Amino acid sequence: NAGVTQTPKFRVLKTGQSMTLLCAQDMNHEYMYWYRQDPGMGLRLIHYSVGEGTTAKGEVPDGYNVSRLKKQNFLLGLESAAPSQTSVYFCASSYSRGQTQYFGPGTRLLVL
Amino acid sequence: GIQVEQSPPDLILQEGANSTLRCNFSDSVNNLQWFHQNPWGQLINLFYIPSGTKQNGRLSATTVATERYSLLYISSSQTTDSGVYFCAVDSSNFGNEKLTFGTGTRLTIIP
């Protein structure tokens, strides 16, 4: 079991560019989440999904879009990157609501 | 929304010492989880503990939901315990999943 994997590990973007972060899990989990972590802060929920084909907004959804076309994958898109989106992005998954969340290794994004 | 406060923000200890980390929250919660973020950034779930006490080796956690706090105990600290410890709570209504994280306690264990 690879658990939760994230692609890429690191990326540099220019302001206005777009990109997609991929999260994959092989634990057959229903719930998947995208968080961002900024220096000196805890994680903040961007979007989440409670099953294939579903998505919902979290605490800080503006500037991001997500898709869950397959149960094992959860994509996070930035349509027009801004310097304020420089952060470390973590994906997580859980079997169901309120259960233990398992995290990926993170993607470090720098927007210039 | 719910407020999650962790204390102390920083803790430096000698190897072998014991420590207690605290998490206070401002409203009733459906669940509470403790995480360890190691120096390489990896987040590991330590406990899922909405109430009561759990133990796993040198680590144990207690949540007193009625008084809105949780404690994480680390005994006989090792250098590998270094990192940031986060508590996270879910206070949302059914179907509206939202885990709110505290700002963490940074633990440094000195050999």
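How each quantity is defined
- Residues numbered from 1 in each chain as written.
- Chains lettered and ligands numbered in written order.
- Predicted model: local features only at pLDDT ≥ 70, side-chain atom pairs only at ≥ 80, totals over all residues.
- Heavy atoms only, no water.
- Contact = heavy atoms within 4.5 Å.
- Buried area = accessible area lost by both parts, 1.4 Å probe.
- Salt bridge = Lys/Arg side-chain N within 4 Å of Asp/Glu carboxyl O.
- Polar contact = N/O pair within 3.5 Å; in protein donor to acceptor, adjacent residues only side chain to side chain.
- Helix = DSSP H or I, 4+ residues; strand = E, 2+ residues; numbered from the N terminus.
- Nonpolar A, V, L, I, M, F, W, Y, C, P; charged D, E, K, R; others polar.
- Phe/Tyr/Trp six-rings, centres within 6.5 Å; stacked < 30°, edge-to-face > 60°.
- Buried < 20%, exposed > 50% of the residue type's maximum accessible area, 1.4 Å probe, protein only.
- Lys NZ or Arg CZ within 6 Å of the ring centre and 35° of its normal.
- 1 Å grid on protein atoms, 1.4 Å probe; cavity = no way out; pocket = protein on both sides within 12 Å on 5 of 7 lines; lining within 4 Å.
- Points joined across faces, edges and corners; volume = space filled by probe spheres on them.

## Comments concerning the interface of chain B and chain A
Contact with chain B, which involves 23 residues of that partner, is made by 20 residues of chain A. Summing both partners gives a buried area of about 1700 Å² for chain B against chain A, and 51% of it is carried by carbon and sulfur. Viewed at the interface, chain A and chain B are joined by 0 salt bridges. On inspection of chain B and its partner chain A, the count reaches 4 residue pairs in polar contact (both at pLDDT 80 or more). Where the side of chain B that touches chain A is concerned, the elements lending two or more residues are strand E4 (31-37), strand E5 (43-48), strand E9 (83-90) and strand E10 (99-101) of chain B. If you tally residues by element for the side of chain B that touches chain A, the top one is E4(B), at 4 residues. In the side of chain B that touches chain A, the residues fall into 7 nonpolar, 13 polar and 3 charged.

## Looking at the packing of aromatic side chains
Counted according to the given criterion, the structure contains 10 aromatic pairs over all chains. On the basis of an interplanar angle of 35 degrees and a centroid distance of 6.4 Å, the ring pair of A:Tyr31 and A:Tyr33 is categorised as tilted. The buried category is assigned to A:Tyr31, whose relative accessible area is 13%. Summarising the aromatic geometry, the rings of A:Phe103 and B:Phe101 are spaced 6.4 Å apart at their centres and angled 85 degrees between planes, so their arrangement reads as edge-to-face. With A:Phe103 in strand E10 (residues 102-103) and B:Phe101 in strand E10, the pair connects residues from two separate chains. Summarising the burial analysis for this pair, A:Phe103 and B:Phe101 share the class buried. The structure contains a cluster of three or more aromatic residues connected by ring pairs, namely A:Tyr31, A:Tyr33, A:Tyr35, A:Phe90, A:Phe103, B:Phe35, B:Phe86 and B:Phe101. Over the face of the ring belonging to B:Tyr69 we find B:Arg22, whose NZ or CZ atom lies 4.3 Å from the ring centre.

## Quick word on the pattern of salt bridges
One pass over the structure, following the stated rule, counts 4 salt bridges over all chains. Taking the shortest distance from any N to any O, the salt bridge between A:Asp38 and A:Arg36 comes out at 3.0 Å. In this structure A:Arg36 comes out as buried when scored by relative accessible area, which is 9%. B:Asp81 is the salt-bridge partner of B:Arg58, the closest N and O atoms lying 2.9 Å from each other. Of this pair, B:Arg58 sits in the loop between strand E6 (52-56) and strand E7 (59-64) while B:Asp81 sits in the loop between strand E8 (69-74) and E9; the two residues are 23 residues apart in sequence, bridging distant segments of the chain. What makes B:Asp81 buried here is its relative accessible area of 7%. One salt-bridge network, held together by shared partners, links A:Arg36, A:Asp38 and A:Arg44.

## Points about the layout of surface pockets
Roughly 640 Å³ of volume is contained in the largest pocket. Along the wall of the largest pocket there are 31 residues; nearest its centre are A:Gln37, A:Val88, A:Arg108, B:Gln37 and B:Arg106. Sorting elements by how many residues they give to the lining of the largest pocket places strand E11 (residues 107-111) of chain A first, with 4 residues. Its residues assigned to classes, the lining of the largest pocket shows 13 nonpolar, 13 polar and 5 charged. A volume near 230 Å³ is recorded for the second largest pocket. Around the second largest pocket, the lining comprises 15 residues; the ones closest to its centre are A:Glu59, B:Ile2, B:Lys98, B:Thr100 and B:Phe101.

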